[in-house]
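Listed below, chain by chain, are the residues.
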Amino acid sequence: MTNRFKTGVAAMAMTMIGSAALAQQPIELIYSDTVSQNDIRSTTLKEQFGDCLGDGFVFKPYFGATLFKQGTELTAMQRGNLDMGNLAIYDFQNQVPSTSVLGMPFLFRDYAHMRAVYDGDVLNDMLAEIEDKAKVKVLAFPYIGSRELGYKGDKEIMTPDDLKGVKLRMPPGEGWQFAGEAMGATPVPVPFTEVYTALQTGAIDGQDNALPATDAMKFYEVINKIGMTNHLISANLFTISLSKWNKMDAEQQAKVQQCADNFEASLDKITLDQEATLQDKFKGVGIDIYTPDNAAFQQRVLKAYLDSDYSKDWPDGLVDQIIAVGKN
């Protein structure tokens with residue numbers, strides 16, 4: 001065997017070894033979220049999604065908005081600085097205006113209606129539009145609870161008129177602020193991690209998180225009333241950047257999707273279980289929990305959205321299709 005032939009064989013062998021090693025490199029998934037690392041949503045994510053991925057992936061989650069501020073995750077994914085996030089529907093409104101329909105309070109009747117809509121095909125065109133315009137893929141819609149009015153005050157807020165002048169914390173972002181305004185409040189943008197202090201100091205009068213978040217962040221220590229409006233049956237959009245997704249082969253994509261489905265199912269159950277028990281806990285520490293005139297809120301919200309520019313971007317007939325889901 002000539003030296004030249006030996007050299008060629010050796011080079012081929014090294015190339016094959018290098019290619020095999022490269023193929024075996026685990027895929028890194030960097031994730032950012034605004035909730036704290038001790039929140040049940042965070043621990044569920046790590047257990048039901050991160051652990052589910054197995055040795056072929058390295059899942060690196062960052063919590064408490066320590067990596068990216070609330071509302072900036074989508075841009076970070078588009079710039080290649082972040083792989084995954086658990087986004088609110090309002091995060092998409094500037095780039096995909098049609099999504100604003102899903103941010104309208106009182107759109108969903110209850111959890112079962114919301115889940116049927118997200119599990120069905122009525123939103124297929126919108127999800128395709130999100131991929132096309134925002135360059136991210138929605139993997140799942142984990143339920144985080146029904147948003148309620150939690151506040152400090154002397155009287156029960158029963159109607160939108162009662163909410164006039166109330167400084168209601170809403171997450172930063174135009175869509176969130178309009179939702180609070182549509183309900184009759186004076187919306188104030190405050191990052192999730194700063195809500196407790198804002199309530200404590202009187203910078204805001206109330207907030208509208210779901211019961212599990214009110215529990216996790218101990219907001220019940222600085223409010224005395226909760227109006228059960230159920231105005232937003234909230235599911236986040238568990239999302240991955242298309243650039244990262246497209247780098248995976250079919251088997252890897254299937255694994256990520258399987259684990260995302262696992263996370264969604266687990267968090268749904270945990271959230272529903274929490275909502276069934278937390279009212280008693282909050283009543284036990286002296287919080288007045290009551291049911292407002294939700295029909296009055298719904299009527300005001302619907303008019304506000306239909307009279308706004310948001311509704312101009314809604315696909316024809318989509319609201320009716322959403323409302324019709326589960327009625328047959």
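Residues numbered from 1 in each chain as written. Predicted model: local features only at pLDDT ≥ 70, side-chain atom pairs only at ≥ 80, totals over all residues. Heavy atoms only, no water.

What follows covers the sheet that holds strand S10 (residues 237–241). As a general point, the strands of a sheet are linked pairwise by backbone hydrogen bonds and lie either parallel or antiparallel. Pairing in this open sheet of five strands is mixed, and the strands run S2-S1-S3-S10-S4 from one edge to the other. Looking at which strands have only one partner, the edges of the open sheet turn out to be strand S2 (57–62) and strand S4 (136–140). Strand-to-strand twist of the sheet, defined as the mean angle between neighbouring strand axes without regard to direction, takes the value 30°. As judged from the four bridges shared by strand S3 (residues 84–87) and S10, these two strands associate in the antiparallel manner. By the bridge assignment for S10, Asn86 is matched with Phe238. Helix H5 (residues 124–134) contacts S4 and S10 of the sheet and is inclined by roughly 145° relative to S4. Across the sheet, helix H11 (residues 250–284) touches strand S1 (27–32), S2, S3, S4 and S10, and the angle it forms with S4 is around 50°. (Pairing = 2+ DSSP bridges. Helix = DSSP H or I, 4+ residues; strand = E, 2+ residues; numbered from the N terminus. Axes fitted to C-alpha atoms, helices over the stretch in contact; angles between N-to-C directions. Contact = heavy atoms within 4.5 Å.)

Right, let's talk about the state of the cysteines for a bit. According to the stated counting rule, one finds one disulfide in the structure shown. Covalent S-S linkage joins Cys52 and Cys259, the inter-sulfur distance amounting to 2.1 Å. Between Cys52 and Cys259, the S-S dihedral sits near -80°, and the bridge is therefore left-handed. Remark: Cys259 occurs in helix H11 and Cys52 occurs in helix H2 (residues 40–53); sequence separation between them is 207 residues. (Disulfide = S-S within 2.5 Å.)

Inspection of the entire model under this criterion finds 16 aromatic pairs. Pairing Tyr31 with Phe59 gives two aromatic rings, centres 5.8 Å apart and planes at 50°, and the pair type is tilted. In this pair, Tyr31 is assigned in strand S1 and Phe59 in strand S2, connecting sequence segments 28 residues apart. By relative accessible area, which is 0% here, Tyr31 ends up buried. Put simply, the rings of Tyr31, Phe49, Phe59, Phe63, Phe238 and Phe263 touch in pairs and so form one group of aromatic residues. (Phe/Tyr/Trp six-rings, centres within 6.5 Å; stacked < 30°, edge-to-face > 60°. Buried < 20%, exposed > 50% of the residue type's maximum accessible area, 1.4 Å probe, protein only.)

We now examine the nonpolar core. Generally speaking, a soluble globular protein has its nonpolar side chains buried in company with each other. One finds Leu102, Phe108 and Tyr305 to be the most contacted residues of the largest nonpolar core, which totals 56 residues. The element contributing the most residues to this core is helix H7 (residues 174–182), with four residues. Setting aside residues up to four positions removed in sequence, Phe108 forms contacts with Leu102, His113, Met114, Val117, Tyr118, Ile233 and Ile322. By size, the runner-up hydrophobic cluster in this structure holds 24 residues, among which are Tyr31, Leu139, Phe238 and Leu267. (Core = buried A, V, L, I, M, F, W, Y, C linked by side-chain atoms within 4.5 Å.)

With that settled, consider the sheet that holds strand S9 (residues 225–235). On the basis of which strands lie adjacent, the open sheet formed by six strands has the order S7-S6-S8-S5-S9-S11 and mixed pairing. The strands lining the two open edges of the sheet, one partner per strand, are strand S7 (186–189) and strand S11 (288–290). Across two bridges, the pairing between strand S6 (residues 167–170) and strand S8 (residues 206–207) is parallel. Across the sheet, residue Arg169 finds its bridge partner in S8, namely Gln207. Along the sheet face, H7 touches strand S5 (143–151), S6, S7 and S9 and points at about 155° away from the line of S7.

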